[in-house]
Amino acid sequence: MTQPAIARQAVNTMLLGVSLAHLLNDAMQSIVPAAFPIFQKSMQLSYTQIGWVAFTLNLTASVLQPFIGSYTDRRPLPFLLPLGMVFTLLGMIGLAFSPGLGMLIVSAAFIGVGSSVLHPESSRVAHLAAGSGKGLAQSIFQVGGNTGQALAPLLVAYVISPQGQFGFLWFTLLAVVGIVVQRYVSKWYGNQVLLRTRQDQRFTGDGGDARHRNKGFVAFVLGTLIMLLFSKFVYLASMTGFYSFYYMERYHLPMENAQVSLFALQFSGMVGTLLGGPLADRFGRKQIIWFSILGTAPFSLWLPYVGPAASVVLCLAIGAILMSGFSVIIVYAQEMLPGKVGTIAGLFFGLSFGMGGLGSVVLGWLIDQTDVFFVIQLCAYLPLLGMLALLLPKDSKVMGQ
């Protein structure tokens, strides 16, 4: 095997490594909202209290990620990769032994910290390994997270539900595997930092390749992308956090049945994420971004009024379309601000968690004031905000061509 082929194989291995770590991280993170019915029953929690758990989980990630991303643009920290998994391990142990709401919130905070550490640096590794296919590389990294999210409802239904809270101890094994994988990736990453610091200022985040941008232009584009993230992640918060309650009350079926629809949503999201990046590389970032949000609307509006079997089919469509755009949004923003790979990844991952967490609190409160039927039907309109994506500039303008 030639030297370039060996180098390419090593790069592909690292890309698969960060994708696997993303899978493990998001599987553990996503079982928390998927297990809300279990916590509600065992601890007699209100919907508002459940919302606060979700808020804590997401707030810790949303606050820390932009700072970590910005700092590591200037000074990459490979050791953060395994360290993040250590925090997640502590969170899993805490969930297993939480006696009440307070410990539950602390455990959720540990898991949120773990995610905040993983995403900016792992996204940087994916960017480093991308070559010319930045959309594909980001999709491979992101599809690991979507796969973990897809597995979470089934893990809750078939691991945690039969055993209760102590079932979370099984997921400490996933955290240990994640620590090993991230330690392996961090060694390669550290070597690349030493090799590239002087050669490639874009990688270290010194901004040597950053183009002069009109601040108003940047603010408009980022503001539009943030509104699109709002529509996507608040809608997902309504689904992952509260659709199970809606499903059980509407169809009078057990939680395990509801988890099948959520699994369909997340599984198809995995497929959509994998396809979104390469499609954007071929057809353009803007086209995939607006389609991924606005194209979800017909199915989300229909979902609250169909039967159990049809809900699975619609969740498949929603997941595939809605989740195809997130990795594309990140690459679109990174191309607008080259040299700010970690900052953009931290900002957008952080916003996604923050919006989801804040949305969970507001939605939980709103359900307590009204009912779960009203909230699920209301949130079905959120993908219509995808029309804002039509205002985004063309890819060529974003890349300064």
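Everything here concerns the structure above.
Asks: How should I be thinking about the overall build of the protein chain in this particular structure?
Replies: A tally of regular secondary structure across the protein chain gives 17 helices and zero strands. The C-alpha radius of gyration of the protein chain comes to 20 Å, within 12% of the 21 Å expected for a compact globule of 401 residues. Dimensions of the protein chain, computed from the C-alpha atoms along their principal axes, are close to 60 × 45 × 40 Å. Within the protein chain, the fraction of its 401 residues that count as buried is 59%. Accessible surface for the protein chain amounts to roughly 15,800 Å². Of this, 69% is attributable to carbon and sulfur atoms. Each charge class in the protein chain can be summarised by its mean position, and for the 22 positive and 13 negative side chains these summaries are 10 Å apart.

Asks: Where do I start with the state of the cysteines in this structure?
Replies: Taken as a whole, this structure holds zero disulfides when the rule is applied. Distance from the sulfur of Cys315, which forms no disulfide, to the nearest cysteine sulfur (Cys379) is 14 Å. A relative accessible area of 0% places Cys315 in the buried class.

Asks: Just checking my understanding: could you explain helix H2 (residues 36-43) for this structure?
Replies: The α-helix advances 3.6 residues per turn, and as a result positions three or four apart in sequence lie on the same side. Residues of H2 that are buried: Phe36, Pro37, Ile38, Phe39 and Met43. Phi for Gln44, located one or two positions after H2, is positive at around 55 degrees.

Asks: Which parts of the structure should I look at to understand the packing of aromatic side chains?
Replies: How two aromatic rings sit relative to each other is set out by the distance from centre to centre and by the angle between their planes. Applying the stated rule across the entire model yields twelve aromatic pairs. When the ring of Tyr243 is compared with that of Tyr246, the centres are 5.8 Å apart and the planes differ by 25 degrees; the resulting orientation is stacked. Within this pair, Tyr243 and its partner Tyr246 are both found in helix H9 (residues 215-251), separated by three residues, close to a single helical turn. A relative accessible area of 0% places Tyr246 in the buried class. Aromatic ring contacts, followed pair by pair, group Tyr243, Tyr246, Tyr247, Tyr251 and Phe373 into a single cluster.

Asks: Before we go on, may I ask you to explain unusual backbone geometry in this structure?
Replies: For residues other than glycine, phi is negative in most cases, and the peptide bonds are mostly trans. Positive phi outside glycine occurs at Gln44, with the angle close to 55 degrees. Its place among the elements puts Gln44 in the loop between H2 and helix H3 (47-74). Overall, Gln44 belongs to the exposed group, its relative accessible area being 65%. The phi torsion at His252 lies on the positive side, around 55 degrees, for a residue other than glycine.

Asks: I would appreciate a short explanation of helix H11 (residues 285-294) in the present structure.
Replies: Every buried residue belonging to H11 is among Arg285, Lys286, Ile288, Ile289, Ser292 and Ile293, and all of these are buried. End-on view of H11: buried residues confined to an arc of 165 degrees, all on one side of the axis.

Asks: Is there a simple way to explain the side chain of Ser107 in this structure?
Replies: Along the chain, the position of Ser107 falls in helix H5 (residues 101-128). There is a polar contact of 3.4 Å between the side chain of Ser107 and the backbone oxygen of Gly94. Apart from the residues lying within four places of it in its own chain, the contact partners of Ser107 are Gly91, Gly94, Leu95 and Ser98.

Asks: Teacher, can you tell me more about the environment of Thr172 here?
Replies: Take Thr172: it is sitting in helix H7 (residues 171-196). The class for Thr172 is buried, based on a relative accessible area of 15%. Separated by 183 residues in sequence, Thr172 and Met355 have C-alpha atoms that sit 27 Å apart. Not counting chain neighbours up to four residues away, the residues in contact with Thr172 comprise Leu89, Met92 and Ile93. A polar contact of 2.5 Å, which involves the side chain of Thr172, links it to the backbone oxygen of Leu169.

Asks: Quick question: what am I supposed to make of the environment of Gln138 here?
Replies: Here Gln138 shows up in helix H6 (residues 134-163). Considering only alpha carbons, one finds Gln138 and Gly277, 139 residues apart in sequence, at a separation of 6.9 Å. Apart from the residues within four sequence positions on either side, Gln138 is in contact with Ser123, Ser327, Ile330, Val331, Gln334 and Phe349.

Asks: What's the story with a nonpolar patch on the surface in this structure? I'm lost.
Replies: The grouping of Phe79, Leu83, Val86, Leu90, Ile93, Phe97, Met103, Val106, Phe110, Phe166 and Leu169 at the surface amounts to a nonpolar patch, some 920 Å² of accessible area in total. Elements with a contribution of two residues or more to the nonpolar patch: helix H4 (80-97) and H5. The element that contributes the greatest number of residues to the nonpolar patch is H4, accounting for five residues. Tracing the backbone through its elements, the reader meets Met103 in helix H5.

Asks: How should the nonpolar core be read in this particular structure?
Replies: As a rule of thumb, soluble globular proteins bury nonpolar side chains together. Counting 106 residues, the largest nonpolar core has Phe39, Phe168, Leu225, Ile289, Leu303 and Phe348 as its most contacted members. In terms of residue count, H9 provides more of this core than any other element does, 18 residues in total. With sequence-adjacent residues up to four places away left out, Ile289 is seen in contact with Leu225, Leu228, Val328, Ile329, Tyr332, Ala389 and Leu392.

Thresholds applied
- Residues numbered from 1 in each chain as written.
- Predicted model: local features only at pLDDT ≥ 70, side-chain atom pairs only at ≥ 80, totals over all residues.
- Heavy atoms only, no water.
- Helix = DSSP H or I, 4+ residues; strand = E, 2+ residues; numbered from the N terminus.
- Rg over C-alpha atoms; globule rule 2.2 N^0.38 Å.
- Buried < 20%, exposed > 50% of the residue type's maximum accessible area, 1.4 Å probe, protein only.
- Areas by Shrake-Rupley, 256 points an atom, 1.4 Å probe, with all protein chains shown as cover.
- Lys, Arg positive; Asp, Glu negative; His and termini not counted.
- Charge placed at Lys NZ, Arg CZ, Asp CG, Glu CD.
- Disulfide = S-S within 2.5 Å.
- Phe/Tyr/Trp six-rings, centres within 6.5 Å; stacked < 30°, edge-to-face > 60°.
- Arc of directions from axis to C-beta.
- Polar contact = N/O pair within 3.5 Å; in protein donor to acceptor, adjacent residues only side chain to side chain.
- Contact = heavy atoms within 4.5 Å.
- Patch = residues over 30% accessible without salt bridge, like charges linked within 9 Å, V, L, I, M, F, W, Y side chains within 5 Å.
- Salt bridge = Lys/Arg side-chain N within 4 Å of Asp/Glu carboxyl O.
- Core = buried A, V, L, I, M, F, W, Y, C linked by side-chain atoms within 4.5 Å.

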